[in-house]
Amino acid sequence: MAPIEVITRAGEPRETQADTRVCGLFDGGSLTDPELQKLVDAGEAKASLKQVCVTHEDSPEDGRRRVIIAGLGKEDEFDAERARIAAAAAATRAKELGAESLSWAAPEKDGAVSGIVQGTLLALYTFDRFKSSKDEDEEGGSTSVASLEVVGGNPDEAEAARVIAAAQNAARDLQNLPSNVCTPEFLAARAREIADAHEAVSLEVFGRDQIVEMGMGAFASVAQGTYAEPQLIVLRYEGGGDGPHLGYVGKAVTFDTGGISIKPSSKMHEMKFDMSGGSAVLESIDAIATLGLPARITAVVPATENMPSGRAVKPGDIVTAKNGKTIEVNNTDAEGRLILSDALCYAVEQGVERIVNFATLTGAIIVALGHTYAGLFSNDDDWCGAVEEAGRASGEEGWRLPLHPEFADAIKGKYGDISNLGEAGAAGSIAAAEFLKHFVGDTPWVHVDIAGTAWGMKRNYVGSGASGFGVRLMVELARNP
Ligand code: BES
Ligand code: ZN
Ligand code: ZN
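Model, not experiment: these values are computed from the prediction.

Colleague: Talk me through the sheet that holds strand 4 (residues 63-73); I want residue IDs and the actual numbers.
Modeller: Strand order across the open sheet formed by six strands is 1-6-5-2-4-3, with mixed pairing between neighbours. What marks the edges here is a single partner per strand, and that holds for strand 1 (5-9) and strand 3 (52-59). Sheet twist, expressed as the mean angle between neighbouring strand axes with direction ignored, is 25 degrees. Both strand 2 (residues 20-26) and strand 4 contribute to a ladder of seven bridges, which runs parallel. Bridge pairing in strand 4 places Gly-24 opposite Ala-70. Packed on one face of the sheet, helix 2 (residues 80-96) meets strand 2, strand 3, strand 4 and strand 5 (101-105) and runs near 150 degrees to strand 4.

Colleague: Requested: an account of the layout of surface pockets, with residues and values cited.
Modeller: For the largest pocket, the calculated volume is near 850 Å³. As for the largest pocket, its lining consists of 32 residues, of which Lys-263, Asp-333, Thr-362, Gly-363 and Ala-364 are closest to the centre. Sorting the residues of the lining of the largest pocket by element identifies helix 11 (364-369) and helix 14 (428-437) as the ones contributing at least two each.

Colleague: Tell me about the coordination of the zinc ion (ligand 2), and name the residues and values.
Modeller: The protein atoms that coordinate the zinc ion (ligand 2) are Asp-256 (OD), Asp-333 (O), Asp-333 (OD) and Glu-335 (OE), at distances of 2.0 to 2.2 Å. For the zinc ion (ligand 2), the six donor atoms in the first shell make angles of 71 to 168 degrees at the metal, so the coordination geometry reads as irregular. For the zinc ion (ligand 2), the single-chain donor residues occur in sequence as D-x76-D-x1-E. A distance of 3.2 Å spans the gap from the zinc ion (ligand 2) to the zinc ion (ligand 3), which Asp-256 bridges by coordinating each metal. Taken together, the residues Asp-256 in strand 10 (residues 252-256) and Asp-333 in the loop between strand 13 (326-329) and helix 10 (336-349) connect sequence positions 77 residues apart. A relative accessible area of 3% means that Asp-256 is categorised as buried. Since its relative accessible area comes to 23%, Asp-333 is described here as partly exposed.

Colleague: Describe the sheet that holds strand 17 (residues 418-419), listing the residues and the values that go with them.
Modeller: Strands pair in a sheet through their backbones, by hydrogen bonds, and they do so in one of two ways: parallel or antiparallel. Here three strands make up an open sheet; going across it, the order is 12-13-17 and the pairing mixed. With partners counted over all chains shown, the strands left at the sheet margins are strand 12 (317-320) and strand 17, one partner each. In this structure, strand 13 lies alongside strand 17, joined through two bridges in parallel fashion. Looking across to strand 17, one finds that Ile-327 is bridged to Ile-418.

Colleague: Hey, could you go over the coordination of the zinc ion (ligand 3) for me, with residue numbers and the actual values?
Modeller: Looking at the metal site, the zinc ion (ligand 3) is ligated by Lys-251 (NZ), Asp-256 (OD), Asp-274 (OD) and Glu-335 (OE), spaced 2.0 to 2.4 Å from it. Considering all six donor atoms around the zinc ion (ligand 3), angles at the metal cover 77 to 173 degrees and the coordination shape is octahedral.

Colleague: Explain the pattern of salt bridges to me, and be specific about the residues and the numbers.
Modeller: All chains considered together, the criterion is met by 33 salt bridges. Between Asp-173 and Arg-129 there is a salt bridge; the shortest N-O distance is 3.2 Å. Here Asp-173, found in helix 5 (residues 155-176), pairs with Arg-129, found in the loop between helix 3 (112-123) and helix 4 (135-138); they are 44 residues apart in sequence, far enough to count as distant. Connected through salt bridges with shared partners, the residues Arg-14, Arg-21, Asp-33, Glu-57 and Arg-65 form a single ionic network.

Colleague: Help me get a handle on the site of ligand 1, residues and values and all.
Modeller: As a matter of local geometry, ligand 1 sits amid 17 residues, with Lys-263, Asp-274, Asp-333, Glu-335 and Gly-363 nearest to it. One nitrogen or oxygen atom from the side chain of Asp-256 is found 2.9 Å from an oxygen atom belonging to ligand 1. Separating an oxygen atom of ligand 1 from a backbone N or O atom of Gly-363 is a distance of 2.7 Å. At a threshold of 2 Å from the grid points, most atoms of ligand 1 map onto the largest pocket. Partitioned by chemical class, the residues of the shell around ligand 1 number six nonpolar, four polar and seven charged.

Colleague: How would you summarise the side chain of Asn-176 if you had to cite specific residues and measurements?
Modeller: In this fold, Asn-176 is placed in helix 5. On the basis of relative accessible area, Asn-176 is assigned to the buried category, the value being 12%. The contacts of Asn-176, once residues within four sequence positions are left out, are Tyr-125, Phe-127, Lys-272, Phe-273 and Ala-466.

Colleague: Break down empty space enclosed by the protein for me, citing the residues and quoting the values.
Modeller: Summed over the entire model, instances satisfying the criterion amount to two cavities of 30 Å³ or more. In this structure, the largest cavity encloses a volume near 40 Å³. Forming the boundary of the largest cavity are Gln-168, Gly-395, Glu-396, Met-457, Arg-459, Tyr-461, Val-462, Ser-467, Phe-469 and Arg-472. What lines the second largest cavity is Ser-221, Val-222, Gly-225, Gly-259, Ile-260, Asn-306, Met-307, Ala-312 and Val-313. In terms of residue class, the lining of the second largest cavity is made up of five nonpolar, four polar and no charged.

Colleague: Now, about helix 3: what can you tell me, with residues and values included?
Modeller: For helix 3, with twelve residues, the first-to-last C-alpha span of 16 Å sits near the 16 Å given by 1.5 Å per residue. Counting buried residues in helix 3 gives twelve out of twelve residues, a clear majority hidden from the surface. Packing partners of the buried residues in helix 3 comprise strand 1, helix 2, strand 5, strand 6 (147-151), helix 5 and helix 15 (471-479).

Colleague: Go over the packing of helix 12 (residues 381-394) against helix 15, please, and point to the residues and values.
Modeller: Relative to each other, helix 12 and helix 15 sit at 120 degrees, their axes nearing to 8 Å. Taken together, the axes of helix 12 and helix 15 lie oblique to each other. Once helix 12 is placed against helix 15, the crossing between them reads as right-handed. Contact with helix 12, carried on its side by Trp-383, Ala-386, Val-387, Ala-390, Gly-391, Ala-393 and Ser-394, involves Arg-472, Leu-473, Glu-476 and Leu-477 of helix 15 and no other residues of that element.

Colleague: Run through the packing of helix 2 against helix 3, naming residues and quoting values.
Modeller: In the contact formed by helix 2 and helix 3, the axes pass within 7 Å of each other and the chain directions differ by 40 degrees. In terms of orientation, helix 2 and helix 3 fall into the oblique class. For the element pair helix 2 and helix 3, the recorded crossing hand is right-handed. Between helix 2, through Ala-80, Ala-83, Arg-84, Ala-87, Ala-88, Ala-91 and Thr-92, and helix 3, the contact on the second element is made entirely by Ala-112, Ser-114, Gly-115, Ile-116, Gln-118, Gly-119, Thr-120 and Ala-123. When its residues are assigned to classes, the contact of helix 2 with helix 3 shows eight nonpolar, six polar and one charged.

Colleague: Describe the pairing of strand 15 (residues 374-378), naming the residues involved and giving the relevant values.
Modeller: With five of five residues buried, strand 15 lies mostly within the body of the structure. As paired elements, strand 15 and strand 16 (residues 398-400) share three bridges and run parallel to each other. Paired with Ala-374 across the strands is Gly-398, a residue of strand 16. The handedness of the strand 15 to strand 16 crossover, carried by helix 12, is right-handed. The pairing of strand 15 with strand 18 (residues 445-449) spans four bridges and is antiparallel. Considered in strand 18, the bridge of Gly-375 is made with Asp-449.

Thresholds applied
- Residues numbered from 1 in each chain as written.
- Chains lettered and ligands numbered in written order.
- Predicted model: local features only at pLDDT ≥ 70, side-chain atom pairs only at ≥ 80, totals over all residues.
- Heavy atoms only, no water.
- Pairing = 2+ DSSP bridges.
- Helix = DSSP H or I, 4+ residues; strand = E, 2+ residues; numbered from the N terminus.
- Axes fitted to C-alpha atoms, helices over the stretch in contact; angles between N-to-C directions.
- Contact = heavy atoms within 4.5 Å.
- 1 Å grid on protein atoms, 1.4 Å probe; cavity = no way out; pocket = protein on both sides within 12 Å on 5 of 7 lines; lining within 4 Å.
- Points joined across faces, edges and corners; volume = space filled by probe spheres on them.
- Donors = N, O, S within 2.8 Å, 3.2 Å for Na, K, Ca; no water.
- Tetrahedral: all angles 85-135°; square planar, octahedral: opposite > 155°, others 65-115°.
- Buried < 20%, exposed > 50% of the residue type's maximum accessible area, 1.4 Å probe, protein only.
- Salt bridge = Lys/Arg side-chain N within 4 Å of Asp/Glu carboxyl O.
- Near = heavy atom within 4 Å.
- Polar contact = N/O pair within 3.5 Å; in protein donor to acceptor, adjacent residues only side chain to side chain.
- Sits in = over half its atoms within 2 Å of the grid points.
- Nonpolar A, V, L, I, M, F, W, Y, C, P; charged D, E, K, R; others polar.
- Expected span 1.5 Å × (residues − 1).
- Parallel < 35°, antiparallel > 145°, perpendicular 65-115°, else oblique.
- Left-handed = near helix turned anticlockwise from the far one by under 90°.
- Right-handed = clockwise from strand over helix to strand, strands pointing away.

In structure tokens, the structure reads:
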């Protein structure tokens, strides 16, 4: 998919060269163009969010031009998230109609420009690199949208939004790639590209032997069942500023079979997405470095497959994490917390002052919060508040769930210090969080469980596929830690 060009322009919306122009309509609002206002008066153009009405107008240069009137909902409720939703509805319809260039008249509201740019770029994302013939081609001619003009938009705001949406789409590409392509080494190669593209980013990658030598017995135990070389990927961004040294940690299980505690086959193919946290972390660093944000970030991505084999870790095995804690592996499918334990220890040793980790960690978080909110768990109210705020600001929202000593008790080990498995059917997402908490010491930390939001969201601008969830939130957090 070719990148979509984003430009801004001052002047009249009607003066555009685009084949399709979009104007937004607020509840109870009106449009300056009398012909368009007739459609509002007739009730044909509706103002509720996601509604679109298609019409045509005469354009001075090239005859007929398509106009989409996009519902924006109530004016006092409008924000960047609603702009994303409205823009996605308009872009989706425009694409169906064969539009090649869009022009949006930006409402003069906070967040409108970035929401329009992101909603459009995210909604027009496709992953078709394994299709021999692209859908568009079958219908004859190329009909993809190549450009977006935002009339009345601040150029810097539009460009920042474009960079962030492109990074989120890059994270979606990594998610969508099958596990035979997107291996741990493939992710490390992508991290290498990111580091090579930016002066302020450096990369260090550790392989299997080094993971073992560094004492990462929990990470190594997950990786021991697979032929694929595990990688501990460390990207460092030195963007200056006087904010805290941030640690971004992302689970990257490139395929989770469950290991010896093997998963049922019906939905196992979805487990290529079990690297979603890691992909969001990597691509957020690319966006942050492109924007040149003043921040210091150490990104740590433990990457491996989780496979059953003759040398795989077995239920009941006891392994030792980097901080010396012993772990009973009572279910080899609870592998995310194992690889994260060592990655979190590593981040703490690197001196990070605030940690946030993203992980498709538990099916139970889908039961609790569906595909709308990520689960948040934290040992620090202030830092959790900052993550919650970044979630609201970016439209990637989290909802905090509690920790409690009784939940901590539920993962006490029978033979070792802790077990990777809590009580069956009881607060599984919290048990996982209590497990991770053992590896962050006193460092303020937020665990973001994205098992429900990494894919299958119902938000129209990302659809139900891979969402790239976390990229926007992490960029926002780098701006406002
Ligand atoms: N990757 C899965 C969690 C998951 C499940 C993500 C469904 C997205 C959709 C994770 O490694 C896992 O298997 N967790 C187990 C933990 C259990 C064995 C304690 C789970 O959630 O069932
Ligand atoms: Zn698992
Ligand atoms: Zn997993």
